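Below are the chains, spelled out letter by letter.
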Amino acid sequence: MGWFRPVRAKSIGSQEMRALPVARKQLLERLMDVELNIRGILRGFDLKVSQVTRKTFEARIRELATG
C-alpha cells in the first residue's frame, strides 16, 4: 500500500564498533555528574575543592572530608 518506507539497518559489525565509544562517553558523563555532585555537597559546608586533576580528586575530597 506504500504507507511505510524501507529502513536501512546497520550491520552487526557497525553496531559493535559504535558500542564501545558510546559506553565510554556515557561513563565519562556519569563520572562528571558524580564529581559535580560531590563538589556541590561540599560547597554547602563551605569547602571548596578548587582545581584538581582526576588523579588528585579523590585525595583532595578525602582531605576535605576528614576536616
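Residues numbered from 1 in each chain as written. Predicted model: local features only at pLDDT ≥ 70, side-chain atom pairs only at ≥ 80, totals over all residues. Heavy atoms only, no water.

Participant: Hey, could you run me through the overall build of the chain in this one?
Facilitator: Tallying secondary structure elements over the chain gives two helices and zero strands in all. Radius of gyration (C-alpha) of the chain: 21 Å, far over the 11 Å computed for a compact globule of 67 residues. In terms of its C-alpha atoms, the chain occupies a principal-axis envelope of roughly 70 × 25 × 15 Å. For the chain, with 67 residues in total, the buried portion stands at 9%. Carbon together with sulfur atoms contributes 60% to the accessible area of the chain, which is approximately 6600 Å² in total. Mean positive and mean negative side-chain charge positions of the chain (14 and 7 charges, respectively) differ by 9 Å. (Helix = DSSP H or I, 4+ residues; strand = E, 2+ residues; numbered from the N terminus. Rg over C-alpha atoms; globule rule 2.2 N^0.38 Å. Buried < 20%, exposed > 50% of the residue type's maximum accessible area, 1.4 Å probe, protein only. Areas by Shrake-Rupley, 256 points an atom, 1.4 Å probe, with all protein chains shown as cover. Lys, Arg positive; Asp, Glu negative; His and termini not counted. Charge placed at Lys NZ, Arg CZ, Asp CG, Glu CD.)

Participant: Help me understand a positive patch on the surface in this model?
Facilitator: Residues Arg8, Lys10, Arg18 and Lys25 make up a contiguous surface patch of positive charge. Since its relative accessible area comes to 59%, lysine 10 is described here as exposed. (Patch = residues over 30% accessible without salt bridge, like charges linked within 9 Å, V, L, I, M, F, W, Y side chains within 5 Å. Salt bridge = Lys/Arg side-chain N within 4 Å of Asp/Glu carboxyl O.)

Participant: Explanation requested: unusual backbone geometry in the structure shown.
Facilitator: The phi angle of most residues is negative, glycine excepted, and most peptide bonds adopt the trans form. Of note in the backbone geometry, aspartate 46 takes a positive phi value of approximately 60° without being a glycine. With respect to the helices, strands and loops of the structure, aspartate 46 is situated in the loop between helix 1 (12-43) and helix 2 (54-66).

Participant: I'm lost on a nonpolar patch on the surface in this one. Help?
Facilitator: Taken together, the side chains of Met1, Trp3 and Phe4 make up a nonpolar region of the molecular surface, amounting to roughly 570 Å² of accessible area. You can see methionine 1 is positioned in the segment before helix 1.

Participant: I tried to follow the nonpolar core on my own but got confused; where do I start?
Facilitator: It is characteristic of soluble globular proteins that their nonpolar side chains tend to be buried jointly. Counting residues in hydrophobic clusters, the biggest one holds five residues: Leu42, Val49, Phe57, Ile61 and Leu64. Here the element with the most residues in this core is helix 2; it accounts for three residues. The residues touching isoleucine 61, leaving out its near neighbours within four places in the chain, are Ile38, Leu42 and Val49. (Core = buried A, V, L, I, M, F, W, Y, C linked by side-chain atoms within 4.5 Å. Contact = heavy atoms within 4.5 Å.)

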